[in-house]
Amino acid sequence: MSRVAIRVEGLGKRYRIGAIHKRHDRLSEALMKAATAPIRRLRAVGKPSPADQSIWALKDVSFEVKEGEVLGVIGRNGSGKSTLLKILSRITEPTAGCAEIRGRVGSLLEVGTGFHPDLTGRENVYLNGAILGMNRKEIARKFDEIVAFAEMDRFLDTQVKHYSSGMQVRLAFAVAAHVDPEVLFLDEVLAVGDYAFREKCYARLREVQTNGKTVLLVSHDMASVENLCSHAMWLDGGQVQAWGKPAEVVRRYIPKGANPA
Amino acid sequence: MSREIIYFLTWRDVKVRYKQTVIGAAWAILQPVLTMIVFSLFFGRLAGIPSEGVPYPIFSYCGLLPWTLFAQGLSQASNSLVGGANLITKIYFPRSIIPLSAVLVGLVDFVLAFLVLVAMMGYYRIFPGVNVIWLPGFLLLSLITSLGVGLWLSALNVQYRDVRYTVPFLTQIWMFATPVIYPSSLLHGSWRVLLGLNPMTTVVEGFRWSLLGVGRPPDAMCAVSSLVALALLVSGALYFRRVERTFADVV
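Values in this document were obtained by computation on a predicted structure and should not be read as measured data. (Residues numbered from 1 in each chain as written. Chains lettered and ligands numbered in written order. Predicted model: local features only at pLDDT ≥ 70, side-chain atom pairs only at ≥ 80, totals over all residues.)

## Here's the deal with the overall build of chain A
Note the following rule: Put simply, DSSP marks the helices as runs of H or I at least four residues long and the strands as runs of E at least two long, and each gets a number from the N terminus on. Put plainly, a residue is buried at 20 or more neighbouring C-beta atoms within 10 Å of its own, exposed at 12 or fewer, and partly exposed in between, counting only other residues' C-beta atoms, which are placed from the backbone. Two residues qualify as being in contact provided that their C-beta atoms, derived from the backbone, are within 7 Å of each other.
What chain A contains, in helices and strands, is eight helices and nine strands. Burial status across chain A gives 42% buried among its 261 residues. At a minimum sequence separation of 6, the contacts of chain A that also span at least 24 residues come to 77%.

Written out as structure tokens, the structure is:
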């Protein structure tokens, strides 16, 4: 019986949508508000408070992933998939519930996260490796392997701003895949690479999986979800609609007769 | 692990700063040297501001060194979180590393500019005594103050975007409130205690005392300054910790 790698219980995340165009407050306004608060409170007596403009990007999501499992998360845009990954990667805090993760986490939520455009590929491998949790010795040891995986040796001393997005994602994935995490989060990053590179990434993910590592990936590519994942979860409106065998969940997500493309 | 990120983020900022510049690291020297020349002409020559018995150029340069380290660290740190938004929203690591490395980047410039000071001391034949062993203490006090204020402003800047407009203004006023271009001996009695509330007063005067041997040795003012600097750091760190959880949602 393998151990639980990811446990999520009653997870919820609320965003205020009324504040979208005015996310950044002004300090001067905040001070004024604080100063005039007593007066406003007196005036507001008896009046209804303005409606709470908020949206639950995730609501009451619970699931478990065991070590060595690959969970594919599918769903429409805005269904909460990325929010879930952000909470699991500790980037943002949940409004409700909790998430527990066992082991070293590697996450790749966007092409070239942490890449600095003015630095060369070589420099960015070191920088990104450190941000993802490797130390210098570790990076130096795996450097050749990373570069070989990305097939980028010719461009190592070129600034990353001159890379195509495909080249960036190759290098970024290569670094993330070599962090040797126990739990790996991937958000739709494989879509950018070409066919051959994608196959290579799949092979790497299977290898990672057979080593007992856990993967959680968000994807719109149903074929790869069915091929790679041991489980799938369909999110809609921030809630779990279906959970189980990938083929089954995909079938429910894409009803019969609909064109999956 | 955090140490590695501090190292690499600092190293990244240093690299990026001097990439695509013609004279590269010479900028680190040029800025304080040119400021020193302008100060010497206007404040030293024309205004005749006293300089504790040493030539005005070395008097002002010795003060400008820690001041530049402080002011640069402060302004870089306060913009660091907003500037690092793409990191903050995509990856997790302790957020305080970002302003911390922004402050540390200034040390590279400081070392380069310090070499000029050494050359100037040779030129004016001013040699430091044993007091020079206190120099790292004053350097540390400057970094602590910079980080303390930097933590406050960087976190505030995430929420309140008008902070960034106040920072250049703040550093300018702060410089005039610090004895960079004038000696604190121009002020008497209770004014001096008031100056001690500004840790940078102790830093600037301490640099001159330990390197050039002018001014008073550290006294009660130094203790007041250290307490203020620590209070800034602790309160800044507490405030930062309280709001850092929401950075990714707000930035």
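Back to the text.
## Considerations on the packing of helix α3 (residues 121-131) of chain A against helix α1 (residues 2-18) of chain B
Inclusion rule: Note on definitions: angles span 0 to 180 degrees between N-to-C directions of axes, and those axes are lines fitted to C-alpha atoms, for helices only across the stretch in contact. Definitions for this section: a left-handed crossing has its near helix turned counterclockwise from the far helix by less than a right angle. A right-handed crossing has that turn clockwise. Three classes are used, and their members are as follows: Ala, Val, Leu, Ile, Met, Phe, Trp, Tyr, Cys and Pro are nonpolar, Asp, Glu, Lys and Arg are charged, and the others, Gly among them, are polar.
Where α3 of chain A contacts α1 of chain B, the axes come no closer than 8 Å and their chain directions differ by 145°. Crossing of α3 of chain A over α1 of chain B shows left-handed handedness. Contacts between α3 of chain A and α1 of chain B involve Glu123, Tyr126, Leu127, Ala130 and Ile131 of chain A on the former and, on the latter, Glu4, Ile5, Phe8, Arg12 and Lys15 of chain B. Looking at the contact of α3 of chain A with α1 of chain B residue by residue, the classes come out as six nonpolar, no polar and four charged.

## So, the interface of chain B and chain A
Contacts between the two partners involve 24 residues from chain B, matched on the other side by 29 residues from chain A. Ranked by residue count, the leading element in the side of chain B that touches chain A is α1 of chain B, at six residues. Split into classes, the residues belonging to the side of chain B that touches chain A amount to 13 nonpolar, two polar and nine charged.

## Examining the packing of helix α6 (residues 135-159) of chain B against helix α7 (residues 163-176) of chain B
All names here are of chain B. At a minimum axis distance of 9 Å, the contact between α6 and α7 shows a crossing angle of 150°. Facing α6, whose interface residues are Leu153, Leu156 and Asn157, α7 presents Val163, Arg164 and Val167. Classifying every residue of the contact of α6 with α7 gives four nonpolar, one polar and one charged.

## A few points about the confidence of the model for chain B
Filter applied, for reference: pLDDT is defined as a per-residue confidence score from the predictor, taking values between 0 and 100.
Per-residue confidence for chain B averages 90 on the pLDDT scale, and 99% of its residues sit at or above 70. Mean pLDDT across the elements of chain B bottoms out in helix α8 (residues 190-196) of chain B (78) and peaks in α6 of chain B (95).

## Some remarks on the environment of Lys13 of chain A
Following the sequence through the fold, Lys13 of chain A ends up in strand β1 (residues 4-16). It is 42 Å that separates the C-alpha atoms of Lys13 of chain A and Asp157 of chain A, two residues lying 144 residues apart in sequence.

## As for the sheet that holds strand β2 (residues 54-66) of chain A
Residue and element names in this part refer to chain A. In plain terms, the rule: DSSP bridges decide pairing: two strands pair if at least two such bridges lie between them.
The sheet built from three strands is open, its strands ordered β2-β1-β4 with antiparallel pairing. Each edge of the open sheet carries a strand with a single partner, namely β2 and β4 (96-101). Sheet twist, expressed as the average angle between the axes of neighbouring strands with direction ignored, equals 20°. Of the strand pairs in this sheet, β1 and β2 are connected by nine bridges, and their pairing is antiparallel. What sits directly across from Arg7, in β2, is Glu64.

## Details of the sheet that holds strand β6 (residues 183-187) of chain A
All names here are of chain A. The six strands lie next to each other as β5-β6-β7-β3-β8-β9, forming an open sheet whose pairing is mixed. Each edge of the open sheet carries a strand with a single partner, namely β5 (105-108) and β9 (239-244). When the angles between neighbouring strand axes are averaged without regard to direction, this sheet yields 15°. Where strand β3 (residues 70-74) and strand β7 (residues 214-218) come together, four bridges link them in parallel fashion. Within the sheet, the bridge partner assigned to Gly72 lies in β7 and is Leu217.

## Observations regarding unusual backbone geometry
In this structure, Glu151 of chain A is a non-glycine residue whose phi angle is positive, near 55°. When you line up the elements, Glu151 of chain A lands in the loop between α4 (136-150) and α5 (165-177). Phi angles above zero are rare outside glycine, and Arg125 of chain B is one such case at about 55°. With respect to the secondary-structure elements, Arg125 of chain B resides in the loop between α5 (97-124) and α6.

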